[in-house]
Amino acid sequence: MNGKEYVNKVLDEVKKENEGQHEFLQAVEEVLETLIPVFDKNPKYMEEGILERIVEPERQIMFRVPWIDDNGKVRVNRGYRIQFNSAIGPYKGGLRFHPTVNLSIIKFLGFEQIFKNSLTGLPIGGGKGGSNFDPKGKSDREIMRFCQSFMSELYKHIGENIDVPAGDIGVGGREIGYLFGQYKKIASSYDAGVLTGKGLTFGGSLVRTEATGYGLVYFVEEMLKSNGMDMDGMKVLVSGSGNVAIYAMEKAKQLGAKVLACSDSNGFIYDKNGIDVQTVKNIKEVNRGRISEYIKYHPSAEYHEGCNGIWNIPCDVALPCATQNEIDKEAALTLVKNGVKAVGEGANMPSTLEAVEVYFANNVLFAPAKASNAGGVAVSALEMSQNSMRMNWTFEEVDKKLKDIMVNIHSKSVATAEEYGFKGNLLVGANIAGFLKVADAMMYQGIV
Ligand code: NDP
Ligand code: 2IT
């Protein structure tokens, strides 16, 4: 059997066993197709059934999360934790609280996390969790009660050497604080390294808040530089206005770019003078408001209903930082028509498979999520290191480590792509480089 036949065989099985899990199947297809040359070069991975094993989560946990709202009414949500792969370290990955969360979404995120975490070079396996709980419109006390109920079940399955959750959509510092408090109460133990993204007064790491957005821009800057360009003077679009988007905008501006637009799930802001990041922080981080409020503070900016319209604005660099499949074929073609030079993924799987084909067909530089948004989980792993040492590094120290990690992921992806005959294709390079480390660990550890 050659590599292509092997990949197709496993893909067929995955499709049969996971019917209807569209996001998960999309993520698996995207990775497996790029791994074909690996099996042609080294059939041992085939003989050891690495692919059949890597597409099956080691453990899938689903649980009831009952809580009481401010009116005294009983509410019930569904909780998930998918412990996907522990070949190179304890399961590691965020928690997403969003009404769209389902098994397929958590599995796609957990699957991606395996390769992303491997690329960081740090000892972390892949996992993901979350709930279909909608934090929007909930009071602070409701959020707290929900987090406490969620952790009352999750605590049985996590630990600093077992599984270390963090944030993702809808889960930030506030939620991690409540989750940590409840874990500590139930476990009767101060295991700082059981969660990352903690507050700075109780074991959090400097730069974790900024890490994903900063890391994304460090990666894109590296990619531009190796093609004779840089961020200085670039016109940039950033979708979303959450954690990743805000710090991507901040770093892009620090490097001299002009950020023209950002969005939330209702609509987008176009500010021809350049988005004022402090205003976005005040609206989103401080007041938990809507991005439409931006025009109150900057009347010359425009607000447009509907989040997808953001991709119609002409730009040099597009940084999707909101959610999966936010750039489809049509949006990708519009970006190309308007002269986009580079797309850097801050969100997980923000481009559909067809959109990625459009980038490649039109020579758009493409920074794939697994590589370009790995800065968040990388600094999470640095938070775990600091917790183990019971020490804190300075902002400058962590920021330098983050930058070094992103530069290293870029060069590893470039080199691996070239080695396998796909020069310049960072998607192939990142997927293969991420896969090889995990596959080798699985080979040495036997069939487990
Ligand atoms: P936040 O919750 O802080 O922000 C999410 C942003 O995206 C908000 O502006 C939100 O708008 C928007 N958004 C969310 N869902 C949708 C949707 N279905 N349609 C349109 N817009 C939507 O999350 P993060 O910034 O942490 O995460 C953003 C992306 O980055 C996700 O894909 C996440 O998986 C990924 N990521 C996050 C990392 C992290 O460290 N936090 C690390 C690596 C990747 P609204 O407020 O209206 O909901
Ligand atoms: O998608 C991701 O990498 C994250 N949400 C961050 C995970 C983490 O453990 O910091």
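Structure shown above.
Described below are features of the structure shown in this document. Counting restarts for each chain, with residues numbered from 1 along the sequence as it is written. Ligands are numbered from 1 and chains lettered from A, in the order in which they are written. In keeping with the model being predicted, local features are shown solely for residues with a pLDDT of at least 70 and side-chain atom pairs are shown and tallied solely at 80 or more, while totals for entire chains, interfaces and linings include all residues. To get the side-chain values, take all heavy atoms of the structure and skip hydrogens and water.

Turning our attention to helix α16 (residues 375-389). In this description a helix means any DSSP run of H or I spanning at least four residues, a strand means any run of E spanning at least two, and both kinds are numbered starting from the N terminus. Residue count minus one, scaled by 1.5 Å, sets the expected span of a helix. The terminal C-alpha atoms of α16, which comprises 15 residues, lie 21 Å apart, in line with the 21 Å expected from a rise of 1.5 Å per residue. Note on classification: 1.4 Å probe, protein chains only; a residue is buried when its accessible area is under 20% of the maximum for its type, exposed when over 50%, partly exposed between these limits. Within α16, twelve of the 15 residues are buried, leaving the element largely enclosed by the surrounding structure. Within the span of α16, buried status applies to Gly-375, Gly-376, Val-377, Ala-378, Val-379, Ser-380, Ala-381, Leu-382, Glu-383, Met-384, Gln-386 and Asn-387. Where α16 is buried, its residues meet β3 (91-97), α6 (103-119), β5 (163-167), α9 (208-225) and α17 (395-419). Where α16 terminates, the next one or two residues include Arg-390, which has phi positive at roughly 55 degrees. The contact criterion used throughout is that any non-hydrogen atoms of two residues lie within 4.5 Å.

The subject of this paragraph is the pattern of salt bridges. Salt bridges, as used here, are contacts in which a Lys or Arg side-chain nitrogen is within 4 Å of a carboxyl oxygen on Asp or Glu. Enumeration according to the criterion identifies 21 salt bridges in this entry. Its salt-bridge partner being Glu-153, residue Lys-156 comes within 2.8 Å of it at the nearest N-O pair. The structure contains a network of salt bridges with shared partners spanning Lys-9, Glu-13 and Glu-52.

Let us look at the site of ligand 1. Proximity is defined per residue: any heavy atom of the residue falling within 4 Å of a molecule or strand makes that residue near it. In the vicinity of ligand 1 there are 27 residues, among which Asp-168, Thr-212, Ser-265, Arg-290 and Asn-348 approach most closely. Whenever a nitrogen or oxygen atom comes within 3.5 Å of another N or O atom, the pair is scored as a polar contact, on the condition that within protein one atom can donate a hydrogen and the other can accept it, and that pairs from neighbouring residues in sequence are kept only if both atoms are in side chains. Gly-170 has a polar backbone atom sitting 3.0 Å from an oxygen atom of ligand 1. All accessible areas in this document rest on Shrake-Rupley with a 1.4 Å probe, and a residue is counted as covered only by the protein chains that are shown. Calculation on ligand 1 without its partners gives an accessible area of 890 Å², and the protein chains cover 85% of this total. Elements represented by at least two residues in the shell around ligand 1 include exactly α9 and α10 (243-254). In terms of residue class, the shell around ligand 1 is made up of six nonpolar, 13 polar and eight charged. Residues are grouped as follows: Ala, Val, Leu, Ile, Met, Phe, Trp, Tyr, Cys and Pro are nonpolar; Asp, Glu, Lys and Arg are charged; all remaining types, including Gly, are polar.

Picture the strands of a sheet paired through backbone hydrogen bonds; they go either parallel or antiparallel. Following DSSP output, two strands are said to pair if at least two bridges run between them. Spatial ordering of the open sheet is given by β1-β2-β4-β3-β5, a layout of five strands whose pairing is mixed. Each having just a single partner strand, β1 (59-68) and β5 make up the two edges of the open sheet. Neighbour to neighbour, the strand axes of the sheet diverge by 20 degrees on average, direction disregarded. Summarising the sheet, strand β2 (residues 74-85) and strand β4 (residues 125-131) pair through six bridges and their orientation is antiparallel. Within β4, the residue paired with Arg-81 across the bridge is Gly-129. Axis definition: a line fitted to C-alpha atoms, limited for helices to the stretch in contact. Angles are taken between N-to-C directions and run from 0 to 180 degrees.

Quick look at the site of ligand 2 now. Residues in close proximity to ligand 2 total 14 residues, the closest being Lys-92, Gln-113, Lys-116, Asp-168 and Ser-380. Within the side chain of Asn-348, a nitrogen or oxygen atom sits 3.0 Å from an oxygen atom of ligand 2. Note that an oxygen atom of ligand 2 is positioned 2.5 Å from one of the side-chain N or O atoms of Ser-380. Elements supplying a minimum of two residues to the shell around ligand 2: β3, α6, β5 and α16. Of the residues in the shell around ligand 2, the class split is two nonpolar, seven polar and five charged.

With a probe scaled to a water molecule rolled over the atoms, the places where space remains empty come into view. Here a cavity is any set of points on a 1 Å grid over the protein atoms alone where a 1.4 Å probe fits but cannot get out, and a pocket is any open set with protein on both sides within 12 Å along at least 5 of 7 lines; a residue lines the site when it has an atom within 4 Å of a point. Grid points are joined across faces, edges and corners, and a volume is the space filled by probe spheres set on the points. Summed over all chains, the structure comprises one cavity of 30 Å³ or more. Taken as a whole, the largest cavity holds about 50 Å³ of empty space. Forming the walls of the largest cavity are Gln-26, Glu-30, Glu-345, Met-349, Ser-351, Thr-352, Leu-353, Val-356 and Phe-366. When contributions to the lining of the largest cavity are tallied by element, the ones reaching two or more residues are α2 (22-34) and α14 (353-361). Residue composition of the lining of the largest cavity, grouped by class: four nonpolar, three polar and two charged.

As a further point, take the sheet that holds strand β9 (residues 302-305). Pairing is mixed across the open sheet formed by seven strands, whose spatial order is β9-β8-β7-β6-β10-β11-β12. The open sheet has two edge strands, β9 and β12 (365-367), and neither has a second partner. In this sheet, neighbouring strand axes are inclined to one another by 15 degrees on average, regardless of whether the strands run parallel or antiparallel. Sheet topology places strand β10 (residues 317-320) next to strand β11 (residues 342-344); two bridges connect them, and they run parallel. Across the sheet, the residue bridging to Ala-318 is Val-343, located in β11. The strands touched by α10 within the sheet are β6 (235-239), β7 (258-263) and β10, with β7 carrying the most contacts at an inclination of about 170 degrees.

A positive phi is found at Ser-188, a non-glycine position, where the angle reads about 50 degrees. Along the chain, the position of Ser-188 falls in the loop between α8 (173-187) and α9. Classification of Ser-188 by relative accessible area gives exposed; the value is 66%. You will see that Met-349, though not glycine, has its phi angle at about 50 degrees, which is positive. By secondary structure assignment, the location of Met-349 is in the loop between β11 and α14.

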